[in-house]
Amino acid sequence: MISVNRFLPRSLTKRVLALYGVTLFVFVSTALVLFLKYQFQQQIEETQVASLMLVEVVGQSVQDSVVIGDYDTVRKSLDKAVQGSMFSSATFIDLSGGRVRSESHTPSVVDSPQWLVNWVKESLYDVNRSMNVGGKDYGVLRLEFDAPYVAGNLWSLSVLALMLGFLSLIGGVLLILGMALGLTNYLIDAGIP
């Protein structure tokens with residue numbers, strides 16, 4: 001049978017230091033996981049709510065142009081809506097199946113891991129708004145999310161939180177190490193075994 005004592009430090013000071021380090025690691029890791037989980041969910045909800053407001057604004061701006069069939073103005077409005085936003089594209093689909101599509105050409109500032117991009121794609125759904133004027137249906141306005149852009153924002157937050165957690169962990173261990181060494185030196189100078 002393997003003895004646990006074989007893996008533990010011999011001195012009491014080193015055992016206390018090891019226990020403190022492990023405990024601090026568990027607390028910091030748990031706090032980081034809970035924080036990131038909350039932030040990810042919050043970011044997805046806020047993004048979805050913001051998209052509903054944006055689709056209403058875009059819908060109002062293209063509504064009159066759709067009624068008169070001015071698809072050049074529709075394209076210009078869609079171009080303005082997607083550039084620099086969280087959307088990769090905006091599309092107006094009329095009743096006959098005709099499409100006016102505008103795509104964002106804004107690259108993602110931060111490259112995030114593919115698993116995070118996939119999770120964002122699964123978590124966010126496209127936003128659709130029917131274009132009805134005076135009881136008559138003219139088509140659908142669809143906004144598609146730019147998953148790499150949203151994931152990049154989440155990844156930036158994650159990297160920052162992980163760095164701060166790591167620095168907190170190192171700082172805590174160095175603090176207790178300094179205190180333990182100071183106490184040990186004091187006890188040795190005082191002649192206390």
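Okay, so let's go over this structure. A quick note: this is a predicted structure, and the numbers were derived from the prediction, not measured. (Residues numbered from 1 in each chain as written. Predicted model: local features only at pLDDT ≥ 70, side-chain atom pairs only at ≥ 80, totals over all residues. Heavy atoms only, no water.)

**Details of the packing of aromatic side chains**
Aromatic ring pairs are described here by two measures, namely the spacing of the ring centres and the angle between the planes.
Inference 1: Within this structure, the stated rule accounts for four aromatic pairs.
Inference 2: Judged by centre distance (5.7 Å) and plane angle (40°), the ring pair of Phe40 and Trp119 falls under tilted. A residue pair is termed long-range when its members are at least 10 positions apart, and Phe40 in helix H1 (residues 12-68) and Trp119 in helix H3 (residues 114-123) qualify at 79 residues.
Inference 3: On the basis of relative accessibility, which here comes to 12%, the residue Phe40 falls in the buried class.
Inference 4: On the basis of relative accessibility, which here comes to 30%, the residue Trp119 falls in the partly exposed class. (Phe/Tyr/Trp six-rings, centres within 6.5 Å; stacked < 30°, edge-to-face > 60°. Helix = DSSP H or I, 4+ residues; strand = E, 2+ residues; numbered from the N terminus. Buried < 20%, exposed > 50% of the residue type's maximum accessible area, 1.4 Å probe, protein only.)

**Thoughts on the nonpolar core**
Inference 1: Counting residues in each nonpolar core, the largest one holds 35 residues, and the members touching the most others are Val62, Val66, Val74, Leu78, Phe92, Val120 and Met131.
Inference 2: Of all the secondary structure elements, the ones that give two or more residues to this core are H1, helix H2 (71-82), strand S1 (87-94), H3, strand S3 (127-133), strand S4 (136-145) and helix H4 (147-190).
Inference 3: With ten residues, H1 is the single largest residue contributor to this core.
Inference 4: The contacts of Val66, once residues within four sequence positions are left out, are Val74, Phe92, Met131 and Tyr138. (Core = buried A, V, L, I, M, F, W, Y, C linked by side-chain atoms within 4.5 Å. Contact = heavy atoms within 4.5 Å.)

**Concerning the layout of surface pockets**
Inference 1: One number sums up the size of the largest pocket: a volume of about 150 Å³.
Inference 2: Together, Leu12, Thr13, Val16, Leu17, Ile176, Met179, Ala180, Leu183, Thr184 and Leu187 line the largest pocket.
Inference 3: At the level of secondary structure, the elements contributing two or more residues to the lining of the largest pocket comprise H1 and H4.
Inference 4: Among the elements that take part in the lining of the largest pocket, H4 stands out by supplying six residues, more than any other.
Inference 5: Tallied by class, the residues present in the lining of the largest pocket amount to eight nonpolar, two polar and no charged. (1 Å grid on protein atoms, 1.4 Å probe; cavity = no way out; pocket = protein on both sides within 12 Å on 5 of 7 lines; lining within 4 Å. Points joined across faces, edges and corners; volume = space filled by probe spheres on them. Nonpolar A, V, L, I, M, F, W, Y, C, P; charged D, E, K, R; others polar.)

**Brief notes about the sheet that holds S3**
Inference 1: Pairing within the open sheet is antiparallel, and its four strands lie in the order S2-S1-S4-S3. Of all strands in the sheet, those with a lone pairing partner are strand S2 (99-103) and S3, marking the two edges. With direction set aside, neighbouring strand axes in the sheet form an average angle of 15°.
Inference 2: Note: S1 against S2, five bridges, orientation antiparallel. Among the inter-strand pairings, Phe92 is bridged to a residue of S2, identified as Val100. (Pairing = 2+ DSSP bridges. Axes fitted to C-alpha atoms, helices over the stretch in contact; angles between N-to-C directions.)

**Details of the pairing of S2**
Inference 1: By the alternation rule, side chains of S2 split into Val100 and Ser102, which are all buried, and Arg99, Arg101 and Glu103, of which none is buried.
Inference 2: From the end of S1 to the start of S2, which pair antiparallel, there are four residues, and Gly97 there has a positive phi angle of about 95°.

**Considering the pattern of salt bridges**
Inference 1: Within this structure, the stated rule accounts for three salt bridges.
Inference 2: Measuring nitrogen to oxygen at the nearest pair gives 3.1 Å for the salt bridge that ties Arg101 to Glu103.
Inference 3: Accessibility expressed as a relative area gives 36% for Arg101, which makes it partly exposed.
Inference 4: Exposure remark for Glu103: the relative accessible area of 40% places this residue in the partly exposed category.
Inference 5: The salt bridge partner of Glu144 is Arg101, with a shortest N-O separation of 3.3 Å. Of this pair, Glu144 sits in strand S4 while Arg101 sits in strand S2, and the two are 43 residues apart along the sequence.
Inference 6: One network of salt bridges, in which partners are shared, links Arg101, Glu103 and Glu144. (Salt bridge = Lys/Arg side-chain N within 4 Å of Asp/Glu carboxyl O.)

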